[in-house]
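Letter by letter, the chains look like this.
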Amino acid sequence: DTAVSQTPKYLVTQMGNDKSIKCEQNLGHDTMYWYKQDSKKFLKIMFSYNNKELIINETVPNRFSPKSPDKAHLNLHINSLELGDSAVYFCASSLFRTGTLGQFFGPGTRLTVL
Amino acid sequence: TQLLEQSPQFLSIQEGENLTVYCNSSSVFSSLQWYRQEPGEGPVLLVTVVTGGEVKKLKRLTFQFGDARKDSSLHITAAQPGDTGLYLCAGATGYSTLTFGKGTMLLVSP
């Protein structure tokens, strides 16, 4: 069974479009995250949710809107896509809200904006 | 802002060699984690260290947390091609999420 799954794996779209990425975890964790990994492999936190409540919202354009319908799901919607949004987006989950004992990552969604 | 500096950024070695990767900060962390990321996949947690001076071993990998809980090292003995990947360290504090280093890309050639 996959612990943290994301769909789609690849997403190619035109500038200005709106797209969504879905994430699900079956680990029973309370906390979920969205990260962005740029071309230099730097992993940067975007959002963190604890039991459906937003607890971390880093400096991210408001074109990015996360939604957590329940604690096992965290989706990311992106409006008016820009070239600079091209990156790999990772969903992750952890048992504790600070991720102190480790986070479990999904396989990533490679977003390419043309 | 907590920063984690990893060195080296890139390491290319032959199978059978030993290597050490370093993760340094001026901040104190409650725990420090090491992840390995292979191409096209997400990072996978290797180990978490929580006590200053702690040493953990995972087969040929040895992880150490600095006494002051500001730094960590990862030592690989007799590296194999399967060890190839991006190694990331990440530090946790009590009230914020993880801070990741920029990673060390390891390439082990047969």
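This text gives an overview of the structure that appears in the document.

Let us look at the state of the cysteines. Where two cysteines share a covalent bond between their sulfur atoms, that bond is called a disulfide. Residue and element names in this part refer to chain B. Under the defined criterion, the tally for this structure stands at two disulfides over all chains. The residue that forms a disulfide with Cys23 is Cys89, at a sulfur-sulfur distance of 2.0 Å. When the S-S torsion is 75°, as for the bridge of Cys23 with Cys89, the disulfide is right-handed. Note that Cys23 is positioned in strand β3 (residues 19–24) and Cys89 in strand β9 (residues 85–92), a separation of 66 residues in sequence. The pair formed by Cys23 and Cys89 is uniform in burial state, with each residue classed as buried.

Moving on to the interface of chain B and chain A. Counting residues at the interface gives 24 residues for chain B, matched by 20 residues for chain A. Between chain B and chain A, roughly 1500 Å² of surface is buried when both sides are summed, and carbon and sulfur atoms account for 61% of that area. It is B:Pro43, B:Thr97 and B:Phe100 in chain B that bury the most area against chain A; as a group they hold 33% of the surface buried on that side. On the surface where chain B and chain A come into contact, there are zero salt bridges. Applying the counting criterion to the chain B and chain A interface returns three residue pairs in polar contact (both at pLDDT 80 or more). Of all elements in the fold, only β4 (31–37), β5 (44–49) and β9 of chain B reach the threshold of two or more residues within the side of chain B that touches chain A. Among the elements that take part in the side of chain B that touches chain A, β4(B) stands out by supplying four residues, more than any other.

A separate point is the nonpolar core. Among the nonpolar cores identified, the biggest contains 21 residues, and B:Leu19, B:Leu32, B:Trp34, B:Phe63, B:Leu74, B:Ile76 and B:Leu106 are the most heavily contacted of them. For this core, the secondary structure elements donating two or more residues are β3, β4, β5, β7 (61–65), β8 (71–76), β9 and β11 (104–109) of chain B. With 20 residues, the next largest nonpolar core counts A:Val4, A:Ile21, A:Cys23 and A:Leu111 among its residues.

Right, let's talk about a nonpolar patch on the surface for a bit. Taken together, the side chains of A:Leu95, A:Phe96, A:Leu101 and B:Val50 define a hydrophobic patch exposed on the protein surface, amounting to about 370 Å² of accessible area. Along the polypeptide, A:Phe96 turns up in the loop between β9 (87–94) and β10 (104–105). Using a relative accessible area of 41% as the deciding quantity, one classes A:Phe96 as partly exposed.

This part is about the environment of A:Ala92. Residue and element names in this part refer to chain A. When you line up the elements, Ala92 lands in strand β9. On the basis of relative accessible area, Ala92 is assigned to the buried category, the value being 0%. Separated by 22 residues in sequence, Ala92 and Leu114 place their C-alpha atoms 27 Å apart. Not counting chain neighbours up to four residues away, the residues in contact with Ala92 comprise Thr31, Met32, Tyr33, Tyr35, Gln103, Phe104 and Phe105.

The subject of this paragraph is the sheet that holds β3(B). All names here are of chain B. Strand order in the open sheet formed by five strands is β1-β3-β8-β7-β6, with antiparallel pairing between adjacent strands. Looking along the sheet, the strands with just one partner apiece sit at the ends: β1 (5–7) and β6 (55–58). Taken pair by pair, the neighbouring strands of this sheet meet at an average axis angle of 15°, ignoring direction. Of the pairings in the sheet, the one linking β6 to β7 comprises four bridges and is antiparallel in character. Among the inter-strand pairings, Lys57 is bridged to a residue of β7, identified as Thr62.

This next bit is on the sheet that holds strand β1 (residues 4–7) of chain A. Residues and elements named next belong to chain A. One open sheet holds the four strands; their spatial order is β1-β3-β8-β7, and the pairing between them is antiparallel. In this open sheet, the two edge strands, each paired with only one partner strand, are β1 and β7 (64–70). Recorded for the sheet is a direction-independent mean angle of 20° between the axes of neighbouring strands. For β1 and strand β3 (residues 19–25), the ladder comprises four bridges, and the chain directions are antiparallel. Of the residues in β3, the one forming a bridge with Val4 is Gln25.

Here is what the cut-offs are and how they apply
Residues numbered from 1 in each chain as written. Chains lettered and ligands numbered in written order. Predicted model: local features only at pLDDT ≥ 70, side-chain atom pairs only at ≥ 80, totals over all residues. Heavy atoms only, no water. Disulfide = S-S within 2.5 Å. Helix = DSSP H or I, 4+ residues; strand = E, 2+ residues; numbered from the N terminus. Buried < 20%, exposed > 50% of the residue type's maximum accessible area, 1.4 Å probe, protein only. Contact = heavy atoms within 4.5 Å. Buried area = accessible area lost by both parts, 1.4 Å probe. Salt bridge = Lys/Arg side-chain N within 4 Å of Asp/Glu carboxyl O. Polar contact = N/O pair within 3.5 Å; in protein donor to acceptor, adjacent residues only side chain to side chain. Core = buried A, V, L, I, M, F, W, Y, C linked by side-chain atoms within 4.5 Å. Patch = residues over 30% accessible without salt bridge, like charges linked within 9 Å, V, L, I, M, F, W, Y side chains within 5 Å. Areas by Shrake-Rupley, 256 points an atom, 1.4 Å probe, with all protein chains shown as cover. Pairing = 2+ DSSP bridges. Axes fitted to C-alpha atoms, helices over the stretch in contact; angles between N-to-C directions.

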